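The lines below spell out each chain.
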Amino acid sequence: MNVKLTVSIVALAAVLAGPAVAQDKKQLAFVVNAASDFWKLAEAGVNKAQSELPNYELQFRYPAQGTAALQNALMDDLVAAGTDAIMISSADPKNSIDAFNRIAAQVPLFTTDSDAPASNRIAYLGSSNTLAGVQAGEIAVKALPNGAKCMGFVGFLGADNAIERIAGFRQAVEGKGIELVDVRGDDVDFARARSNVDDVLAANPDINCMVGFYSYNPPKIYEALQAAGKLGQVTVIGFDEDPITLGAVREGSFAGTVVQDPYQWGYQGMHLLAKYLEGDKSGVPADGLIIVPTKVIDKANVDAFEAELKERIGG
């Protein structure tokens, strides 16, 4: 055979094989419940996993808005595009069962952050939100030995992570003279999250404790208290590691915050999905719950914790 012809055939074969090789990579997707800086750490964890999973293509996806309908439509799109496994933080688990089961019938489906235990998801990887709520309550008990009236603020009132955190908080403060009077939801509308706090400050002067149950709630509490000249007059307990929250803990404006480990959700989650697709199901426990511990951050450990965050997220 002519040498030039041989080279051309080889080159053509390589070109034709290129897309096929790319398509051979299995697709894994991590779907969050809403656009929030909280998810940057999870994305960093997914990126780290990508560097260790060269035979997979990992995606980190935000819905256009934080609604169950748009989340579920996004999952449908992912499956139609050939995604092989999905991990999702459900915005509304109770009203997404049918949608989750439809997806789970097509690809392996896992949950994180907010579980959907009534669905056919394979497993949940994330925090024990009840225990995290208990830790938040313990911060309140330590900071408020004489009791208090607290108001809570959260994104999705119906989400399991919210329900469990609130229940855990109430469990920890029971009999301690601390009352969680009510919890205001905002559906991850940041303007509404701020106005909820402003409204409480205006209408409920007896409230001397506030709890922000979602990552962006404590910063909105901080903004409202600062504007009202009441920083330090209202005891605040936070969730998660927003920079404003950590700064408030450092300066003593907040009593403390309970932090999760979304980096590990992304990192461990993608490895879990890859192993599952390869037939290794040893990472899925019998109860379907893979718990990543939460911890309390206060003035004593906030600097060390923030240094760790910066290292993980690349500064």
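This is a predicted model, so every value here is computed, not measured.

Asker: Got a sec to walk through the overall build of the chain? Specific residues and values, please.
Answerer: The helix and strand tally for the chain stands at eleven helices and twelve strands. Over its C-alpha atoms, taken along the principal directions, the chain stretches across nearly 90 × 40 × 35 Å. Looking at the chain alone, contacts between residues at least 24 apart form 73% of all its contacts between residues at least 6 apart. On the chain, roughly 14000 Å² of surface is accessible, and the fraction owed to carbon and sulfur atoms is 53%.

Asker: Which residues make up the nonpolar core, and what values go with them?
Answerer: Grouped together as the largest cluster of nonpolar side chains are 29 residues, with contacts concentrated most on C150, F169 and F213. For F213, the contacting residues outside a window of four places in its chain are G152, F153, V154, R165, I166, F169, L180, V183 and F239.

Asker: Which residues make up the side chain of Q27, and what values do they have?
Answerer: Position of Q27 among the secondary structure elements: in strand β1 (residues 26-31). A distance of 3.0 Å separates the side chain of Q27 from the backbone oxygen of K25, its partner in a polar contact. When near neighbours in sequence (up to four residues on either side) are disregarded, Q27 contacts E57, Q59, G82, T83, D84 and A85.

Asker: Mind laying out the pairing of strand β10 (residues 256-259), listing which residues take part and the relevant values?
Answerer: Residues G256 and V258 point to one face of β10 and T257 and V259 to the other, with burial holding for every one of them. Judged from the three bridges that link them, strand β9 (residues 235-239) and β10 form a sheet pairing that is parallel. Bridging from a neighbouring strand, G238 pairs with T257 of β10. Considered for its hand, the β-α-β crossover made up of β9, helix α9 (residues 243-251) and β10 is right-handed.

Asker: I'd like a rundown of the sheet that holds strand β4 (residues 109-112), residues and numbers included.
Answerer: Taken together, the six strands give an open sheet; going across it, the order is β2-β1-β3-β4-β5-β11, and neighbouring strands pair in parallel fashion. This sheet does not close on itself; its edge strands, each paired only once, are β2 (56-61) and β11 (289-291). With strand direction ignored, the average angle separating the axes of adjacent strands in the sheet is 20°. The sheet contact formed by β1 and β2 spans six bridges and is parallel. The residue bridging A29 from the neighbouring strand is Q59, located in β2. Contacting β1 and β2, helix α2 (residues 40-52) crosses the sheet at an angle of about 170° to β2. Sitting on the sheet, helix α4 (residues 97-104) touches β3 (85-88) and β4, and the angle it makes with β4 is about 135°.

Rules of the game
Residues numbered from 1 in each chain as written. Predicted model: local features only at pLDDT ≥ 70, side-chain atom pairs only at ≥ 80, totals over all residues. Heavy atoms only, no water. Helix = DSSP H or I, 4+ residues; strand = E, 2+ residues; numbered from the N terminus. Contact = heavy atoms within 4.5 Å. Areas by Shrake-Rupley, 256 points an atom, 1.4 Å probe, with all protein chains shown as cover. Core = buried A, V, L, I, M, F, W, Y, C linked by side-chain atoms within 4.5 Å. Buried < 20%, exposed > 50% of the residue type's maximum accessible area, 1.4 Å probe, protein only. Polar contact = N/O pair within 3.5 Å; in protein donor to acceptor, adjacent residues only side chain to side chain. Pairing = 2+ DSSP bridges. Right-handed = clockwise from strand over helix to strand, strands pointing away. Axes fitted to C-alpha atoms, helices over the stretch in contact; angles between N-to-C directions.

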